[in-house]
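Structure assessment
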Amino acid sequence: MELGVQVPRVSDLMTNIPTSGTTVRFIRENSLTNAAAAIAENGAYPEATWDLVEMDANVRKYAVLGRVTDEFFQDYDATRDYINNRLAYYHTPGIHTEAQVEGWKLVTRAVHGLNGRIFLQLWHVGRQSHNDLQPGGALPVAPSAIAGVGQSYVAPGVVKDYPVPRPLETSEVGEIVGEFRRGAELAKHAGFDGVELHAANGYLFEQFLSDSANHRTDKYGGGLANRARFLIEVTEAVASVWPASRIGVRLSPANTYGGITHSDRFGTYSYVVRELNRFGLAYLHFVEPLVAGNMDLKQFEDSLSSRHFKPLITGDTKLISAGGQNLRTGSVAVASSEADAIAYGRLFISNPNLPLRFAVWGGSYLRRRSGDVN
Ligand SMILES: Cc1cc2nc3c(=O)[nH]c(=O)nc-3n(C[C@H](O)[C@H](O)[C@H](O)COP(=O)(O)O)c2cc1C
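First things first, this report covers the structure right here in the doc. (Residues numbered from 1 in each chain as written. Predicted model: local features only at pLDDT ≥ 70, side-chain atom pairs only at ≥ 80, totals over all residues.)

1. Looking at unusual backbone geometry
Look at N115: it is not a glycine, yet its phi comes out positive at around 65 degrees. Relative to the assigned elements, N115 resides in the loop between α8 (98–113) and β2 (119–122). Residue classification places N115 among the exposed positions, given that 8 C-beta atoms sit within 10 Å. Located in the positive-phi region is S337, a residue other than glycine, with phi close to 65 degrees. With respect to the element layout, S337 can be found in the loop between α13 (327–335) and β13 (341–344). When the 10 C-beta atoms within 10 Å are taken as the criterion, S337 is described as exposed. (Helix = DSSP H or I, 4+ residues; strand = E, 2+ residues; numbered from the N terminus. Buried ≥ 20, exposed ≤ 12 C-beta atoms within 10 Å, placed from the backbone.)

2. Description of the pairing of β13
Two elements, strand β12 (residues 318–322) and β13, share three bridges in a ladder whose sense is parallel. Paired with A322 across the strands is A343, a residue of β13. Handedness of the β12-α13-β13 crossover: right-handed. (Pairing = 2+ DSSP bridges. Right-handed = clockwise from strand over helix to strand, strands pointing away.)

3. Details of the packing of helix α11 (residues 224–239) against helix α12 (residues 265–277)
One can describe the packing of α11 onto α12 by two numbers: an axis separation of 10 Å at closest approach and a directional angle of 40 degrees. Relative to α12, the element α11 is oriented oblique. The element α11 and its partner α12 pack so that their crossing is right-handed. The residues of α12 that touch α11, namely those facing L224, A228, L231, I232 and T235, are T268, Y271, V272, E275 and L276. Each residue belonging to the contact of α11 with α12 can be placed in one class, and the counts come to seven nonpolar, two polar and one charged. (Axes fitted to C-alpha atoms, helices over the stretch in contact; angles between N-to-C directions. Parallel < 35°, antiparallel > 145°, perpendicular 65-115°, else oblique. Left-handed = near helix turned anticlockwise from the far one by under 90°. Contact = placed C-beta atoms within 7 Å. Nonpolar A, V, L, I, M, F, W, Y, C, P; charged D, E, K, R; others polar.)

Take a look at the structure:
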């Protein structure tokens, strides 16, 4: 099975390994994977590298490769019925049904077989979906009838502007909390090691948090405590299923993706961090102001960097930093205790053996590629 996390099978890769020469020479003359295999064979493979490098798991794409979607598609109609009006993006796999659980077991077993760990990210895109993806062409749902800025894939090669969403009834918000609880339960059945709530990048949690996207007048809108209520209720629900030490929350204080704005970003996310502190979660996963979604930003608002939120985090909760990181910046952030771990998105997606590249090449390859010569 193809998976995003690949550990070299030394036995499969030995054929091109030279019997002499320095590591550096070897790397120049052979593929990186073989170089890593050679180092592993010599006992010099830097295992510790894996401890600091988090796979920013783009599970959706690897799920397709990993055949989770076989089950997903087999059960597609049933899934649509079950989740009624709550599909996210085109072809995103879910964890709504037992059939999907069986599919995910393929992934979790494979990852565990490689001595890896895997959390499942649970999300709801809210207004960033499209009626073309919803049963009966119904509108996607959101806190308020305010459209996101951007477009959704509705079919291969076809994008459409986000529509004006249908505002959720108060009772429906509670139903979505219940869906997250069920997702967390099924994640456990599927053998995941934990779950991450996707409260970043302009999706439903952030739509509730944002005073530009949330104009509600019920208990989920208005003041900050009300706007954060949905995230806190879902965290409580998920914490009734998993120990807090197996739950993470992803946050993006500087996010503009999806047309998100906030009148007081630092105040909003300081409050969220303080509220989440009482759960003693495994980690808070911050997206840095260097990116919006998966795109680099030209302007950098340093005051919203994760390091400014770190002093607010209490207990054993760790801080993961993601977004625009490379080997050098990530190493510096960890060495200076600004972050406990670094997550890499695009670099990891395009280089499944990224830790090996970091370890073997000391970053020179990546610096050359990115033009970052510092
Ligand atoms: C193809 C692609 C898919 C992504 N999917 C997700 C996702 O499902 N959940 C998420 O939290 N972030 C997702 N991201 C954002 C990344 O997690 C990450 O925050 C972003 O790429 C910035 O980090 P980077 O500079 O290391 O790439 C995705 C990014 C890309 C490029």
